[in-house]
Amino acid sequence: MSAASVLSPATPMTRTSGARAAAALAGKAYAHLNLNDQRSAKALAEQAVAADPTSSRAWIVLGAAEELLGSRSAAQAAYRQCAAQGVGRYVDECRKLVR
């Protein structure tokens, strides 16, 4: 069985697999931020929050990417989502960033 058939869009994602996928995507998004590739960071972070809306790391990276791309309102929206539904070590930081 190929990886593509295992991870096809028709395959339901469990909470655990969603959290794992989000963690991997958020890590890649963070790496792209450090490479000054905000567009890729944003795209990867959007995929991460779609996979696991409780990933505080994904939300804070999305907010940072949006801010660096000049979209302050989108950044604030990401930080608010992080503060409202995020779980993990970045929630407090998101709360500090909400203005």
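What counts as what
- Residues numbered from 1 in each chain as written.
- Predicted model: local features only at pLDDT ≥ 70, side-chain atom pairs only at ≥ 80, totals over all residues.
- Heavy atoms only, no water.
- Disulfide = S-S within 2.5 Å.
- Helix = DSSP H or I, 4+ residues; strand = E, 2+ residues; numbered from the N terminus.
- Buried < 20%, exposed > 50% of the residue type's maximum accessible area, 1.4 Å probe, protein only.
- Axes fitted to C-alpha atoms, helices over the stretch in contact; angles between N-to-C directions.
- Parallel < 35°, antiparallel > 145°, perpendicular 65-115°, else oblique.
- Left-handed = near helix turned anticlockwise from the far one by under 90°.
- Contact = heavy atoms within 4.5 Å.
- Salt bridge = Lys/Arg side-chain N within 4 Å of Asp/Glu carboxyl O.

In this structure the tally under the stated criterion is one disulfide. Between the sulfur atoms of C82 and its disulfide mate C94 the distance is 2.1 Å. Looking down the S-S bond of the C82 and C94 bridge, the torsion is 80°, so its handedness is right-handed. With C82 in helix α5 (residues 72-85) and C94 in helix α6 (residues 91-97), the pair connects residues that are 12 residues apart, well separated along the chain. Judged by its relative accessible area of 0%, C82 falls in the buried class. With a relative accessible area of 0%, C94 lands in the buried category.

Two elements in contact, helix α3 (residues 38-51) and helix α4 (residues 56-68), have axes separated by 8 Å at closest approach and are oriented at 150°. Considered as vectors, α3 and α4 are oriented roughly antiparallel to each other. Two packed elements cross with a definite hand, and for α3 against α4 that hand is left-handed. From α3, Q38, A41, K42, A45, E46, A48 and V49 reach across to α4, where they touch A58, W59, V61, L62, A65, E66 and L68.

Before going further, it helps to spend a moment on the pattern of salt bridges. Across all of its chains, the model carries three salt bridges by this definition. Between R72 and E67 there is a salt bridge, with its nearest N and O atoms 2.9 Å apart. Judged by relative accessible area, R72 falls into the partly exposed class, the value being 43%. Ionic pairing is found between D92 and R95, a salt bridge with its closest N-O pair at 3.3 Å.

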